[in-house]
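Observations on chain architecture
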Amino acid sequence: MKMELQIAICDDEKIWADELAHQIREYGREHDIIFYINEFSSGADLLEQLEKFDILILDICLRKENGIYIAEKIRERKMATELVFYSAYPQFAPDGYHVNASGFIIKGEPKEQFEKKFGYVLERCEEKNFKIELKTAHDSVFQNIGNLLYIEYGNRELAYHWEDGTKILEKGSLKHLEMLIKSKRLFQINKNVVVNPQFIEWCSSYEIKLIAKSEKMKVSRRRWQEVKQDYLNYNRRYLR
């Protein structure tokens, strides 16, 4: 079955929105992916129709709004949608960190650069659809890892904390998560906690901050260098 994705492009310069839509459709033809694309000329119009989109691509310098501000409003709704910025100004790329953007596409850049960055965004979409099985006291449930913030171990139980604020308990230890940790789908930050790198806002001074969680989380000294390097590697594809 072909991958099918809904994409929104928000740019008040139609010539650039159309050019990006053309690039995406061409990518879809070459990689056998179906993209359904909607174009918006303002952030306000986009915010009214958010629910159906897998990927949101925002110009940073809109005439009436700031794309970063629109992205913040989207994140306030606790949506796991992939956010991508589209701009002629690469110096704005670091601004995407605090809204967990998965890409920064520069207007007019060569096809190979676009395909590399857009391919990474699609990888992130696939990650969000990766399911894990949880065996609770009453049943087995399957959940998308893309909605998982972190997992905490204690009293011979794993507590799965989700983006919407819910928690699921499962008997077991961090040994149950070994394959997810080795594959870097999850980062182990200390002996009792693993986190989803998709939600790391920043990593500094033996601490990390997760998006949607106000408290900072401690990284053990033994794991600090590995966590820091994994975090840099995870984001490096976004900055290129």
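Nothing here was measured: the structure is a model prediction, and the numbers come from that model.

What counts and what doesn't
- Residues numbered from 1 in each chain as written.
- Predicted model: local features only at pLDDT ≥ 70, side-chain atom pairs only at ≥ 80, totals over all residues.
- Heavy atoms only, no water.
- Salt bridge = Lys/Arg side-chain N within 4 Å of Asp/Glu carboxyl O.
- Helix = DSSP H or I, 4+ residues; strand = E, 2+ residues; numbered from the N terminus.
- Buried < 20%, exposed > 50% of the residue type's maximum accessible area, 1.4 Å probe, protein only.
- Expected span 1.5 Å × (residues − 1).
- Arc of directions from axis to C-beta.
- Contact = heavy atoms within 4.5 Å.
- Pairing = 2+ DSSP bridges.
- Axes fitted to C-alpha atoms, helices over the stretch in contact; angles between N-to-C directions.
- Core = buried A, V, L, I, M, F, W, Y, C linked by side-chain atoms within 4.5 Å.
- Polar contact = N/O pair within 3.5 Å; in protein donor to acceptor, adjacent residues only side chain to side chain.

With respect to the pattern of salt bridges
Opposite charge on two side chains allows them to pair when their charged atoms are near. Counting across every chain of the model gives 18 salt bridges. Lys117 serves as the salt-bridge partner of Glu109, at 3.0 Å between the closest nitrogen and oxygen. Residues Glu178 and Lys182 are paired through a salt bridge, measuring 3.5 Å at the closest nitrogen-oxygen approach. You can see Glu178 and its partner Lys182 sitting in helix H5 (residues 178–182), 4 residues apart, about one turn around the helix. Exposure remark for Lys182: the relative accessible area of 59% places this residue in the exposed category. Taken together, the shared-partner salt bridges in this structure form one network comprising Asp11, Glu13, Asp59 and Lys107.

Observations regarding helix H1 (residues 14–31)
Compared with the 26 Å implied by 1.5 Å per residue over 18 residues, the 26 Å span of H1 between its first and last C-alpha is a close match. Taken as a whole, H1 has its buried residues at Ala17, Leu20, Ala21, Gln23, Ile24, Tyr27 and Gly28. Mapping the buried residues of H1 onto a view down its axis gives an arc of 160°, with all of them on the same face. Exposed and oriented more than 90 degrees from the buried face of H1 are Lys14, Ile15 and Arg29. Considering only its buried residues, H1 is in contact with strand S1 (3–10), strand S2 (33–40), strand S3 (55–59), strand S4 (82–87) and helix H4 (111–128). Asp32 lies just past H1 and shows a positive phi near 60°.

What about the sheet that holds strand S12 (residues 193–195)?
Strand order across the open sheet formed by 5 strands is S10-S9-S8-S12-S11, with antiparallel pairing between neighbours. The open sheet is flanked by strand S10 (167–171) and strand S11 (187–190), the only strands paired with a single partner. On average, each strand axis in the sheet is tilted by 20° relative to the strand beside it, whichever way the strands run. Summarising the sheet, strand S9 (residues 157–162) and S10 pair through 5 bridges and their orientation is antiparallel.

Details of the environment of Glu226
Within the secondary structure, Glu226 sits in helix H6 (residues 221–239). Sequence-wise, Glu226 and Phe187 are 39 residues apart; in three dimensions their C-alpha atoms are separated by 9.1 Å.

Looking at the nonpolar core
The nonpolar side chains of soluble globular proteins are, as a tendency, buried together. Core analysis: the largest hydrophobic core is formed by 22 residues, its most contacted members being Leu46, Leu50, Leu56, Leu58, Ile74, Leu83 and Phe85. Listing elements by their share of this core, those giving two or more residues are S1, helix H2 (43–47), S3, helix H3 (67–76) and S4. Top element by residues in this core is H3. It accounts for 4 residues. Among residues more than four places away in sequence, those in contact with Ile74 are Leu46, Leu47, Leu50, Leu56, Leu58, Met79 and Leu83. Membership of the second largest hydrophobic core comes to 21 residues, among which are Ile33, Phe35, Ile55 and Ile57.

Quick word on the sheet that holds strand S14 (residues 207–210)
Ordered by their spatial adjacency, 3 strands build an open sheet running S13-S14-S15, and the pairing between neighbours is antiparallel. Sheet topology places strand S13 (200–204) and strand S15 (216–218) at the edges, where each strand pairs with a single neighbour. Each strand axis lies, on average, 25° off the axis of its neighbour in the sheet, ignoring direction. Taken together, the 4 bridges between S13 and S14 define a ladder with antiparallel strand orientation. Across the sheet, Ser204 pairs through a bridge with Glu207, a residue of S14.

Concerning H3
Within the span of H3, buried status applies to Gly67, Ile68, Ile70, Ala71, Ile74 and Arg75. For H3, the arc enclosing every buried residue in end-on projection is 160°, short of the 170-degree limit, so these residues lie on one face. Here the buried face of H3 lies against H2, S3 and S4. Two to three positions downstream of the cap, the backbone nitrogen of Ile68 sits 2.7 Å from a side-chain oxygen, assigning the N-cap of H3 to Asn66. Within two residues after H3, Lys78 carries a phi angle of roughly 60°, on the positive side.

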